[in-house]
Amino acid sequence: MKTILGIETSCDETAVAIVNNRQICSSIVASQIDLHKRYGGVVPEEASRQHLLTINPCIEEALRTAKLTWNDIDGVAATVAPGLIGALMVGETAAKTLAMIYQKPFLGIHHLEGHIYATYLSVSNWNTPFLCLLVSGGHTSLIYVKDCGIYEQLGTTRDDAAGEAFDKVARLLNLGYPGGPIIDKLAQKGNPKKFTLPEGKISLPQGGYHPYDSSFSGLKTAVLRLVEKLKQAEPNQLPIADLAASFQETVARSLTKKTITCALDHNLTHIAVGGGVAANSGLRKHLQEAAKQNNLTVHFPPLNLCTDNAAMIACAAAEHLEKGHTSPWKLGVESRLPINEVMKLYCH
Ligand code: KG4
Ligand code: ZN
């Protein structure tokens, strides 16, 4: 299997990693969270500038930690879509330049494909087909992974992504950024059954509900209205832990129901979870229990592989290179690209 150097700069992490045969030789992640914290979210221009400052030291560090030289590298990969255009361009330019200088193939990778392949790095015998639940700050997707490069998005969010909902609810409770880990911690001390909140079902024109799509903006508004009501009754006594626990419980139950239904409907016995929200203790508990009851296997990679990293990008690239896929030099970056269109990134 090939040794790939992968670069990830689609959002607020500058990451470089080297992967060989589903093994991580090195994985460097320089997070920009502290930089963006003061603005309460990611500022795109700041992100690009920071990637420019950090990318070269990260590449050197990845090679040094892996104790490898350019002679050992078989291909260079970078995330090219979806993401912040300026941020993506930093990684793409670095990868193409290095691939040209050292005469290696270049591979442009879809960020969600990286999250899909994170599971390969933590379970050596994991293979297609499987269902991937991808829950991050930007995505809530149920993806049927048929083969390398062949994906069908079966479910998505109609409005806010799961992580975005955690971040927005944390902001309205004045808890700070990013909100997911803070809500998760508070929820441990609260009563998840204290408040009943709406799950956000998507009605279908022919009646009934969409089985796999989600909506979280109604839930966020319901939390806002509840907070206003509670504040009126008791201005200084907001039950923050109960609110966090009830919100988390609603999200976890809703995602679990959709994921299990989707897996069963498509006869898929294996479920891989990815993205920052895969760290959530409520989601882990509910999905693991439901999978067990339905004789399904669910895998949550370790947290450092759920959040953005370059090892998953290098791993996805290795799978593509193994199939003979490489990207043309003229390939550019895209802020949006549906997952079922990834083969557009390769030469034919
Ligand atoms: O995958 P990720 O690191 O970056 C994106 O590609 O978006 O995900 C970040 C998101 C944030 O919205 C953060 O609040 C959420 O993941 N998150 C969590 C937890 N840890 C991170 N959400 C719920 N519970 C957590 N423990
Ligand atoms: Zn991501």
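Being a predicted model, the structure only gives us computed values, none of them experimental.

## Overview of the domain arrangement of the protein
- We note that the domain assignment places domain 1 (3–121 + 307–345) and domain 2 (128–305) within the protein.
- Put simply, the middle of domain 1 and the middle of domain 2, counted by C-alpha atoms, are 27 Å apart.
- Buried surface at the junction of domain 1 and domain 2, summed over both partners, amounts to about 2,200 Å²; 66% is from carbon and sulfur atoms.
- If you look at where domain 1 meets domain 2, you find one salt bridge.
- Residue aspartate 147 is joined to lysine 323 by a salt bridge in which the shortest nitrogen-to-oxygen separation is 3.2 Å.
- Put simply, domain 1 and domain 2 have five residue pairs in polar contact (both at pLDDT 80 or more) between them.

## Let's talk about helix α2 (residues 44–66)
- Over its 23 residues, α2 runs 31 Å from end to end, which matches the ideal 33 Å to within 8%, given 1.5 Å per residue.
- Of all the residues in α2, the buried ones are Glu46, Ala47, Ser48, His51, Thr54, Ile55, Cys58, Ile59, Ala62, Leu63 and Ala66.
- The elements touched by buried residues of α2 are β1 (3–8), β2 (13–20), β3 (23–31), α1 (33–37) and α3 (85–101).
- Looking one or two residues beyond α2, the residue adopting positive phi is lysine 67, at roughly 55°.

## Considerations on the packing of aromatic side chains
- Taken as a whole and judged by the stated rule, the model has six aromatic pairs.
- Look at tryptophan 70 and tyrosine 102: their rings are 4.5 Å apart centre to centre, the planes differ by 5°, and that puts the pair in the stacked class. Of this pair, tryptophan 70 sits in the loop between α2 and β4 (75–81) while tyrosine 102 sits in the loop between α3 and β5 (106–110), and the two are 32 residues apart along the sequence.
- On the basis of relative accessibility, which here comes to 12%, the residue tryptophan 70 falls in the buried class.
- With centroids separated by 6.2 Å and ring planes inclined at 50°, the aromatic side chains of tyrosine 120 and phenylalanine 130 adopt a geometry described as tilted. With tyrosine 120 in helix α4 (residues 111–122) and phenylalanine 130 in strand β6 (residues 130–135), this pair connects stretches of sequence that are 10 residues apart. Both residues of the pair, tyrosine 120 and phenylalanine 130, count as buried.
- Three or more aromatic residues joined by ring pairs form one cluster here, namely Tyr117, Tyr120, Trp126 and Phe130.

## Concerning unusual backbone geometry
- Of the consecutive residues threonine 128 and proline 129, the connecting peptide bond is found in the cis state with omega at 0°.
- Its place among the elements puts proline 129 in the loop between α4 and β6.
- With an omega of -10°, the peptide bond running from tyrosine 177 to proline 178 counts as cis.
- Even without being a glycine, glutamine 103 presents a positive backbone phi close to 55°.
- Note that glutamine 103 resides in the loop between α3 and β5.
- The backbone phi angle of asparagine 295 is positive, close to 55°, even though this residue is not glycine.

## Points about the sheet that holds β3
- Pairing is mixed across the open sheet formed by five strands, whose spatial order is β3-β2-β1-β4-β5. Both outer strands of the open sheet, β3 and β5, are each paired with one neighbouring strand and no more. Between one strand axis and the next, the sheet turns by 20° as a mean value, whatever way the strands run.
- By the bridge criterion, five bridges tie β4 to β5 in an arrangement that is parallel. Within β5, the residue paired with valine 76 across the bridge is phenylalanine 106.
- Along the sheet, α3 makes contact with β1, β4 and β5, crossing β4 at roughly 160°.
- Those strands touched by α4 are β1, β2, β3, β4 and β5, and its axis lies near 95° from that of β5.

## Let's talk about the environment of proline 198
- Note that proline 198 resides in the loop between α6 (179–187) and α7 (217–233).
- With near-sequence residues (within four places) excluded, proline 198 lies in contact with Gly218, Leu219, Ala222 and Thr250.

## Notes on the coordination of the zinc ion (ligand 2)
- Note on the zinc ion (ligand 2): its protein donors are His111 (NE2), His115 (NE2) and Asp308 (OD). The metal-donor distances range over 2.1 Å.
- Every donor counted, the four donor atoms about the zinc ion (ligand 2) form angles of 93 to 142° at the centre, which fits irregular coordination.
- One chain supplies every donor for the zinc ion (ligand 2), spaced along it as H-x3-H-x192-D. Of this pair, histidine 111 sits in helix α4 while aspartate 308 sits in the loop between α10 (303–306) and α11 (311–322); the two residues are 197 residues apart in sequence, bridging distant segments of the chain. Of the two residues, histidine 111 and aspartate 308, neither departs from the other in class, the shared state being buried.

## Structural notes on the nonpolar core
- Counting residues in hydrophobic clusters, the biggest one holds 65 residues, and the most contacted among them are Leu5, Ile7, Ile59, Ile116 and Ile143.
- Ranked by residue count, the leading element in this core is α11, at nine residues.
- Each of domain 1 (3–121 + 307–345) and domain 2 (128–305) contributes no fewer than three residues to this core.
- Once you skip the residues sitting within four places of it in the chain, isoleucine 59 turns out to touch Leu5, Ile7, Val16, Trp70, Ala94 and Leu98.
- One finds Leu133, Val223, Leu226 and Leu296 within the second-largest nonpolar core, a separate group that totals 47 residues.

Definitions and cut-offs
Residues numbered from 1 in each chain as written. Chains lettered and ligands numbered in written order. Predicted model: local features only at pLDDT ≥ 70, side-chain atom pairs only at ≥ 80, totals over all residues. Heavy atoms only, no water. Domains from an automatic or database assignment. Buried area = accessible area lost by both parts, 1.4 Å probe. Salt bridge = Lys/Arg side-chain N within 4 Å of Asp/Glu carboxyl O. Polar contact = N/O pair within 3.5 Å; in protein donor to acceptor, adjacent residues only side chain to side chain. Helix = DSSP H or I, 4+ residues; strand = E, 2+ residues; numbered from the N terminus. Expected span 1.5 Å × (residues − 1). Buried < 20%, exposed > 50% of the residue type's maximum accessible area, 1.4 Å probe, protein only. Contact = heavy atoms within 4.5 Å. Phe/Tyr/Trp six-rings, centres within 6.5 Å; stacked < 30°, edge-to-face > 60°. Pairing = 2+ DSSP bridges. Axes fitted to C-alpha atoms, helices over the stretch in contact; angles between N-to-C directions. Donors = N, O, S within 2.8 Å, 3.2 Å for Na, K, Ca; no water. Tetrahedral: all angles 85-135°; square planar, octahedral: opposite > 155°, others 65-115°. Core = buried A, V, L, I, M, F, W, Y, C linked by side-chain atoms within 4.5 Å.

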